Amino acid sequence: MSLLGVFLLLVISACVSERVLVAAFSQSLDSDFTFTLPAGRKECFFQTMKKDASLEIEYQVLDGAGLDVDFHLSSPSGSVLARDYRKSDGVHTVETEDGDYMFCFDNTFSAMSEKIIFFELILDNMEDADASDPEGWKEYVHGTDILDMKLEDIMDTINSVKARLGKSLQIQTVLRAFEARDRNLQESNYERVNLWSCTNLLVMLVVSGLQVYLLRSLFDDKRKSRT
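Let me begin by describing the structure that accompanies this report. Chains are numbered independently. Their residues run from 1 in the order of the written sequence. Local features are withheld for residues below a pLDDT of 70 in this predicted model, meaning they are given only at 70 or higher, and side-chain atom pairs are given and counted only at 80 or more; totals for whole chains, interfaces and linings count all residues. Hydrogen atoms and water are omitted, and side-chain values are computed over all heavy atoms in the structure.

1. Quick word on the nonpolar core
Line of reasoning, step 1. The nonpolar core is taken to be a set of buried Ala, Val, Leu, Ile, Met, Phe, Trp, Tyr and Cys residues, with the residues joined through side-chain atoms within 4.5 Å. Exposure is judged per residue with a 1.4 Å probe applied to protein chains only, and the accessible area is read against the type maximum: over 50% gives exposed, under 20% gives buried, and values in between give partly exposed. Counting residues in hydrophobic clusters, the biggest one holds 22 residues, and the most contacted among them are Leu-55, Phe-103 and Phe-105.
Line of reasoning, step 2. Helix and strand labels come from DSSP, where a helix needs a run of H or I of at least four residues and a strand needs a run of E of at least two; each type is numbered from the N terminus. Taken together, the elements giving at least two residues each to this core come down to strand E1 (28-37), strand E3 (54-63), strand E4 (69-74), strand E7 (99-106) and strand E8 (115-124).
Line of reasoning, step 3. Not counting the four nearest positions on each side in its chain, Phe-103 is found in contact with Glu-43, Cys-44, Phe-45, Gln-47, Ile-57, Phe-71, His-72, Leu-73, Phe-119 and Leu-121. We call two residues contacting when some pair of their heavy atoms lies within 4.5 Å.

2. What to know about the side chain of Ser-74
Line of reasoning, step 1. With respect to the secondary-structure elements, Ser-74 resides in strand E4.
Line of reasoning, step 2. Overall, the relative accessible area of 6% leaves Ser-74 in the buried class.
Line of reasoning, step 3. Among residues more than four places away in sequence, those in contact with Ser-74 are Ser-79, Val-80, Leu-81, Tyr-101 and Met-102.

3. Some words on the sheet that holds strand E5 (residues 80-87)
Line of reasoning, step 1. Here, any two strands with at least 2 DSSP bridges between them count as paired. Here we have four strands laid out as an open sheet, ordered E2-E7-E4-E5, and antiparallel in their pairing. Both outer strands of the open sheet, strand E2 (42-49) and E5, are each paired with one neighbouring strand and no more. Between one strand and the next, the sheet's axes are offset by a mean angle of 10°, whatever the strand orientation.
Line of reasoning, step 2. Pairing of E4 with E7, which is carried by five bridges, proceeds in the antiparallel orientation. The residue bridging Asp-70 from the neighbouring strand is Asp-106, located in E7. What counts as an axis is a line fitted to C-alpha atoms, over the stretch in contact for a helix, and the angles between N-to-C directions run from 0 to 180 degrees.

Shown next as structure tokens:
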């Protein structure tokens, strides 16, 4: 199959109907959010889902003492689908039904330290079935057999590339979150090392001065000479 044939097939499919391509792709929605969770607080978020869809939640604690948080995910009926205790990161995937899903981050166990939390939502199969072409887009591809390639093959390839690009974007987002958490941890350790180094240096100077003073006092002749 030549490249010219593939190009002609793409042109034909685009000219037939624009909504053909829209119906062929499966919708995948990705979103991410970073927020500060104060000490002793609990924050909850809601996501509306459809039946037979997929909801994936991935979270990480980027900064804060202990780098840990409590997490739970609840279904529209109120049942708990996932729960984590004092974890720094986690990933949960559920098959959904119609309704609002609630997921909460709990920092009530910490009395002083606030946490910076990153989370990402990946929603799959959220397309509206009624929006697709009831007659089907396959009726528009008659006469393309001369190109020795079916339109379905092109759509499958494009969908595969789209899915892999979406997965790559998700991995890059997660790696950025890991990098931010590691950077915050290294900066915190750097400040602690500098603080203790300065403290040790100050103590050494005081001890050295005290030792010199004591040694000089030992050899100091305190007897008064008479004239």
